[in-house]
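Secondary and tertiary structure notes
Each chain is listed here by its residues.
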Amino acid sequence: MSTQASRTAARLMVSPAVLLLLGWMAIPLGMTLWFSFQRYNLLMPGMESFTGFDNYAYFLTDPAFGAAIFNTLALVLGVLTITTLGGLLLALLLDQPFWGQGVVRVLVIAPFFVMPTVSALVWKNMFMNPVNGVFAHLAKSFGLQPYDFLAQSPLASIILIVSWQWLPFATLILLTALQSLDSEQLEAAEMDGAGPFARFFHVMLPHLARAITVVVLIQTIFLLSTFAEILVTTNGGPGTASTTLTYLVYIQSLLQYDVGTGAAGGIIAVILANIVAIFLMRMIGKNLEA
């Protein structure tokens, strides 16, 4: 049994790491909060002054704010739909025994280790280029006019690029969960006369419910901060067609040199992300308790 002295010693040994982690998170957040109440423009050094909530009001009334919120939600929901359904289908496929299964699994998981910037450049120049891209050559081979994905469907193109990168993650999690399913349950259901679809919906899917909720939670947290793919491919355009909340903060801070408004946008993004995270955590908590 631990004594009071041992518990105190344990707290003292852990405290440096805890303080370092707390400072690592609290200091940048505190500086962002301080800048959000300042009139701070990089083009006017030495003119800083306290401005209250004016930066927040300016950011919330920005004409691009509504489009940024819509695009962010569309991006998250679109990628979650594609990766969850696609990951489920790939997990079911990879769970079946076939020749070269190990090599196929490595190839399926490989895109997850590609840097977002590299992934966006590959898709932009090799696949979606309307002149020399793979899709353009396929369209010409069928006698069709090449389609400029990034100009005509910018948000859908970014959703496709991000989904390609996150699909391996969903596949890996769901495949691991699928392999933990007791084969005797499937055999018993098959002996009772259940067909493939009945076994999937009544045995496999309930078993995968927790894994699916974990995929949704982790991906949502990272997808809310999607930035590199937008910067490399569309720069938020045309207009605000692919501008997300994260990219709007970048525009205010580094393109318009308004650090105060950008910091206010960052705080708003943190608040919205926490609201989404709390909602998902409660939903997952209920699922785990079921």
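The structure reproduced in this document is the subject of the present report. (Residues numbered from 1 in each chain as written. Predicted model: local features only at pLDDT ≥ 70, side-chain atom pairs only at ≥ 80, totals over all residues. Heavy atoms only, no water.)

Here the focus is the overall build of the protein. Broken down by element type, the protein carries 13 helices and 2 strands. Whereas a compact globule of 290 residues would reach a radius of gyration of roughly 19 Å, the protein reaches 24 Å, over 25% beyond that. Dimensions of the protein along its principal axes, counting C-alpha atoms only, are 80 × 75 × 30 Å. For the protein, with 290 residues in total, the buried portion stands at 37%. In the protein, 69% of the contacts between residues at least 6 apart in sequence involve partners at least 24 apart. Where the 10 positive side-chain charges of the protein centre and where its 13 negative ones centre are 7 Å apart. (Helix = DSSP H or I, 4+ residues; strand = E, 2+ residues; numbered from the N terminus. Rg over C-alpha atoms; globule rule 2.2 N^0.38 Å. Buried < 20%, exposed > 50% of the residue type's maximum accessible area, 1.4 Å probe, protein only. Contact = heavy atoms within 4.5 Å. Lys, Arg positive; Asp, Glu negative; His and termini not counted. Charge placed at Lys NZ, Arg CZ, Asp CG, Glu CD.)

The next subject is the nonpolar core. Within the largest apolar cluster, 34 residues are counted, with the highest numbers of intra-cluster contacts made by Val79, Val162, Leu174, Leu208 and Leu223. Of all the elements in the fold, those that place two or more residues in this core are α3 (63-94), α8 (154-179), α10 (196-223) and α12 (245-255). At 10 residues, the largest contribution of residues to this core is made by α8. Ignoring anything within four residues of it in the chain, the contact list for Leu208 reads Leu88, Leu174, Ala177 and Leu178. In this structure, Ala64, Phe65, Ala68 and Leu245 belong to the second largest nonpolar core, which totals 12 residues. (Core = buried A, V, L, I, M, F, W, Y, C linked by side-chain atoms within 4.5 Å.)

Next up on the list: the packing of aromatic side chains. For any pair of aromatic rings, the description consists of the separation of the ring centres together with the inter-plane angle of the planes. For the coordinates displayed, the defined rule picks out 21 aromatic pairs. With a centroid separation of 6.4 Å and 20° between ring planes, the pair formed by Phe37 and Phe50 is classed as stacked. Residue Phe37 is found in the loop between α1 (4-36) and β1 (38-39), and its partner Phe50 is found in strand β2 (residues 49-50); the two are separated by 13 residues along the sequence. According to the relative accessible area criterion, Phe37 is buried, its value standing at 19%. (Phe/Tyr/Trp six-rings, centres within 6.5 Å; stacked < 30°, edge-to-face > 60°.)

Moving on, we come to the packing of helix α4 (residues 101-109) against α8. Between α4 and α8, the shortest axis-to-axis distance is 8 Å and the interhelical angle comes to 140°. On the basis of the axis angle, α4 is oblique to α8. Contacts between α4 and α8 pair Arg105, Val108 and Ile109 from the former with Pro168, Thr171, Leu172, Leu175 and Gln179 from the latter. In the contact of α4 with α8, the residues fall into 5 nonpolar, 2 polar and 1 charged. (Axes fitted to C-alpha atoms, helices over the stretch in contact; angles between N-to-C directions. Parallel < 35°, antiparallel > 145°, perpendicular 65-115°, else oblique. Nonpolar A, V, L, I, M, F, W, Y, C, P; charged D, E, K, R; others polar.)

Another aspect to go through is the environment of Phe59. For Phe59, the location among the structural elements is in helix α2 (residues 54-60). Taking the C-alpha atoms as reference points, Phe59 and Ile268, 209 residues apart in sequence, are found 9.1 Å from one another. Each residue touching Phe59, except ones within four places of it in the same chain, is listed here: Phe65, Leu245, Leu248, Val249, Gln252, Thr261, Gly265 and Ile268.

One can find Thr84 in helix α3. A polar contact of 2.6 Å, which involves the side chain of Thr84, links it to the backbone oxygen of Leu80. Setting aside chain neighbours within four positions, we find Thr84 in contact with Leu174, Ile212 and Val216. (Polar contact = N/O pair within 3.5 Å; in protein donor to acceptor, adjacent residues only side chain to side chain.)

Here the focus is the environment of Val104. Tracing the chain through its elements places Val104 in helix α4. Since its relative accessible area comes to 29%, Val104 is described here as partly exposed. For Val104, the contacting residues outside a window of four places in its chain are Leu94 and Phe98.

Further remarks concern a nonpolar patch on the surface. Among the surface-exposed residues, Leu19, Leu21, Leu22, Trp24 and Met25 lie close enough to one another that they form a single nonpolar patch of about 590 Å² accessible area. Mapping Leu22 onto the fold places it in helix α1. (Patch = residues over 30% accessible without salt bridge, like charges linked within 9 Å, V, L, I, M, F, W, Y side chains within 5 Å. Areas by Shrake-Rupley, 256 points an atom, 1.4 Å probe, with all protein chains shown as cover. Salt bridge = Lys/Arg side-chain N within 4 Å of Asp/Glu carboxyl O.)

Here the focus is unusual backbone geometry. Of all residues except glycine, most have a negative phi; of all peptide bonds, most are trans. Cis geometry is adopted by the peptide bond preceding Pro238, which originates at Gly237 and carries an omega value of -10°. Structurally, Pro238 can be placed in the loop between α11 (228-233) and α12. You will see that Asn235, though not glycine, has its phi angle at about 55°, which is positive. Mapped onto the fold, Asn235 is located in the loop between α11 and α12. For Tyr257, which is not glycine, the phi torsion reads 60° and is therefore positive. Looking at the element boundaries, Tyr257 is found in the loop between α12 and α13 (259-289).

All right, on to the layout of surface pockets then. Estimated volume of the largest pocket: approximately 600 Å³. Lining the largest pocket are 21 residues, with Leu224, Thr246, Ala269, Val270 and Ala273 positioned closest to its centre. When residues of the lining of the largest pocket are traced back to their parent elements, those giving at least two are α1, α3, α12 and α13. Element by element, the count of residues in the lining of the largest pocket is highest for α13, at 9 residues. Taken together, the residues of the lining of the largest pocket sort by class into 15 nonpolar, 6 polar and no charged. (1 Å grid on protein atoms, 1.4 Å probe; cavity = no way out; pocket = protein on both sides within 12 Å on 5 of 7 lines; lining within 4 Å. Points joined across faces, edges and corners; volume = space filled by probe spheres on them.)

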